[in-house]
Protein chains: 2
Amino acid sequence: MTTLRAEKDHDVPGGYEPFPPPLAPAEPAPRRSPAEDARTLLLHEKVATLATISDDGSPWASLVVFGILDDGSPALLVSTLAEHGRNLIRDQRASLMVAAPVRGNDPLASGRVTVLGTVSRPTGEREVAAREACLERMVAGKFFVGFRDFSLWVLDVERVRWVGGYGVMGSDSAAAYAAAEPDPTAPSADRAIDHLNEDHGDALLLIGQRLAGYPDATAAKCTAIDRYGVDIQLTTPRGKAPARVGFAEPVAAPDGLRAATVALTQRARAAAEAEAS
Amino acid sequence: MTTLRAEKDHDVPGGYEPFPPPLAPAEPAPRRSPAEDARTLLLHEKVATLATISDDGSPWASLVVFGILDDGSPALLVSTLAEHGRNLIRDQRASLMVAAPVRGNDPLASGRVTVLGTVSRPTGEREVAAREACLERMVAGKFFVGFRDFSLWVLDVERVRWVGGYGVMGSDSAAAYAAAEPDPTAPSADRAIDHLNEDHGDALLLIGQRLAGYPDATAAKCTAIDRYGVDIQLTTPRGKAPARVGFAEPVAAPDGLRAATVALTQRARAAAEAEAS
């Protein structure tokens with residue numbers, strides 16, 4: 001995984017620093033791997049864009065609702081009346097792009113993932129599982145799953161590309177994707193973010209000041225949370241800065257975000273008291 | 001444009017009729033052409049999925065925020081740090097998929113469009129217009145438009161594919177796309193749908209009973225509206241049925257939907273009175 005810095009990685013005329021840097025050393029903050037992000041997004045989002053190869057060799061983007069198998073493989077139920085359905089019969093290479101719901105006003109600041117691979121027709125138990133996975137998410141699927149123009153496909157993921165927002169991106173292999181676990185806290189993340197911003201702005205600010213290296217921060221807003229830590233946007237006299245602080249250990253329980261953020265707040269208080277004494 | 005009927009166009013074992021048919025003859029209801037739908041969606045949505053060809057020949061789906069030129073051509077500002085940016089330098093074939101905001105619980109029942117073509121670097125006035133079009137929609141674009149790893153591209157649309165929902169789809173040519181006008185009423189459609197459903201359920205029902213061929217309808221809900229007419233979901237003792245009723249003439253003014261639906265209601269009342277007398 002790479003976090004790009006504009007001045008180093010972009011080809012910038014005359015240099016460029018988008019954000020004020022931390023003033024104090026901050027602990028390294030772990031985050032989900034590209035494979036973990038992909039497993040998490042594909043488990044919880046049901047709409048994707050499928051890219052296939054058209055009959056003249058052009059790349060073809062189309063909307064799909066996909067199912068997800070226990071091993072993380074996406075399943076598709078598509079008709080040959082649709083261009084993508086005809087494309088897959090001709091050329092089995094495909095990629096799926098899944099985007100996280102956009103918080104705020106800039107879709108490019110949000111996370112999204114592309115999984116690329118090859119589709120094949122599932123058989124036996126895998127066919128049953130793929131059909132069930134598709135029907136679970138396709139509202140009207142039960143009406144057309146028996147139509148003979150519909151085919152079931154499973155994408156064998158060979159490569160993962162993750163973009164977390166501006167200058168935050170990474171890639172992972174098929175093996176990493178297969179081994180990665182979806183984040184168990186993902187379904188409660190939105191609620192946790194709202195709760196932190198509505199009721200615990202002081203705690204977020206203290207975390208930003210004492211654990212993220214921004215002692216001059218004057219306001220803090222949570223922008224993302226996951227099993228490994230919390231992303232905070234800090235307001236400082238030097239401008240706004242994105243920061244990330246990790247939990248002491250990864251959250252394992254789906255409802256564990258509250259306890260983890262309470263522990264983080266206690267660590268920030270302890271750091272403030274140690275400095276004051 | 002084609003409206004598919006399951007029993008005729010799907011390869012259905014044993015036949016299948018998803019909706020109760022009209023009991024009385026209904027007037028033909030015009031709707032936007034695929035090209036008009038594409039021009040309208042691309043003008044009003046700013047997020048798309050781009051499909052490009054990857055270095056190994058695979059189709060690559062990625063998220064983009066695009067600009068739109070006056071002639072309907074989409075403009076892209078992408079970095080070579082992103083896979084799609086490197087792909088376009090190697091192979092200029094690309095397609096963009098843009099989806100309408102989903103109303104209700106089924107994304108596959110919503111409209112979406114794919115425009116396919118070839119990108120090229122704009123020059124002269126077209127370059128200026130493309131840059132402005134991208135910056136207008138890319139929240140942070142002004143920070144990186146000068147970075148030398150970013151390139152500006154314009155997609156020359158060669159083919160349009162539109163899917164309006166289940167079994168409603170069509171294609172259009174480059175010439176049709178160039179000649180088509182975006183629907184001027186699109187920005188007020190959401191508000192109009194809400195207003196009709198909240199305050200004018202009786203009028204919608206009368207329209208469904210008298211003009212759409214469903215005299216047995218007992219409830220009506222507007223699901224879409226555009227310059228040519230209104231889509232209504234009707235509840236009947238025989239099940240739910242989608243119906244469409246056209247305005248007497250296309251609405252030309254951005255704020256003309258109210259007058260057009262009032263006129264439609266008067267036509268339905270006149271038809272009811274003619275039958276009663």
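Since this is a predicted model, take the numbers as computed values, not measurements.

Visitor: Give me the overall build of chain A: which residues, what numbers.
Guide: Broken down by element type, chain A carries nine helices and twelve strands. By principal-axis analysis of the C-alpha atoms, chain A measures approximately 75 × 45 × 30 Å. In chain A, which comprises 277 residues, the proportion classed as buried is 51%. Long-range contacts, defined here as pairs at least 24 residues apart, represent 64% of the contacts in chain A between residues at least 6 apart.

Visitor: For the interface of chain B and chain A, give the residues involved together with the corresponding values.
Guide: Interfaces are often sized by the accessible area lost when the parts come together. Each partner contributes residues to the interface: chain B has 53 residues there, and chain A has 53 residues. When the two sides are added together, the surface that chain B and chain A hide from each other amounts to roughly 4600 Å², 66% of it contributed by carbon and sulfur. When the area that chain B buries against chain A is broken down by residue, the three leading residues are P59, L63 and L81 of chain B, summing to 14%. The interface formed by chain B and chain A holds two salt bridges in total. Residue R159 of chain B pairs with E83 of chain A through a salt bridge whose shortest N-O separation is 2.8 Å. Seen at the junction of chain B and chain A, the total is 13 residue pairs in polar contact (both at pLDDT 80 or more). Listing elements by their share of the side of chain B that touches chain A, those giving two or more residues are α1 (6-9), β2 (47-53), β3 (59-65), β6 (93-99), β7 (112-120), α5 (141-144) and β8 (150-165) of chain B. If one sorts the elements of the side of chain B that touches chain A by residue count, β3 of chain B sits on top with six residues.

Visitor: Lay out a negative patch on the surface with the relevant residues and their values.
Guide: Together, D55 and D56 of chain A together with D156 and E158 of chain B give the surface a local cluster of negative charge. If you trace the backbone, D55 of chain A turns up in the loop between β2 (47-53) and β3 (59-65).

Visitor: Kindly report on the sheet that holds strand β12 (residues 239-246) of chain B, identifying the contributing residues and their values.
Guide: All names here are of chain B. In space, the three strands of this open sheet follow the order β10-β11-β12, with antiparallel pairing throughout. Here the strands that pair on one side only, and so sit at the sheet edges, are β10 (219-226) and β12. Ignoring which end each strand starts from, the neighbouring axes of this sheet average 20° apart. Bridge count for strand β11 (residues 229-236) against β12 is eight bridges, and the pairing is antiparallel. Note that in β12 the partner of D231 across the bridge is R244. Contacting β10, β11 and β12, helix α8 (residues 201-210) crosses the sheet at an angle of about 90° to β10.

The rules we used
- Residues numbered from 1 in each chain as written.
- Chains lettered and ligands numbered in written order.
- Predicted model: local features only at pLDDT ≥ 70, side-chain atom pairs only at ≥ 80, totals over all residues.
- Heavy atoms only, no water.
- Helix = DSSP H or I, 4+ residues; strand = E, 2+ residues; numbered from the N terminus.
- Buried < 20%, exposed > 50% of the residue type's maximum accessible area, 1.4 Å probe, protein only.
- Contact = heavy atoms within 4.5 Å.
- Buried area = accessible area lost by both parts, 1.4 Å probe.
- Salt bridge = Lys/Arg side-chain N within 4 Å of Asp/Glu carboxyl O.
- Polar contact = N/O pair within 3.5 Å; in protein donor to acceptor, adjacent residues only side chain to side chain.
- Patch = residues over 30% accessible without salt bridge, like charges linked within 9 Å, V, L, I, M, F, W, Y side chains within 5 Å.
- Areas by Shrake-Rupley, 256 points an atom, 1.4 Å probe, with all protein chains shown as cover.
- Lys, Arg positive; Asp, Glu negative; His and termini not counted.
- Charge placed at Lys NZ, Arg CZ, Asp CG, Glu CD.
- Pairing = 2+ DSSP bridges.
- Axes fitted to C-alpha atoms, helices over the stretch in contact; angles between N-to-C directions.

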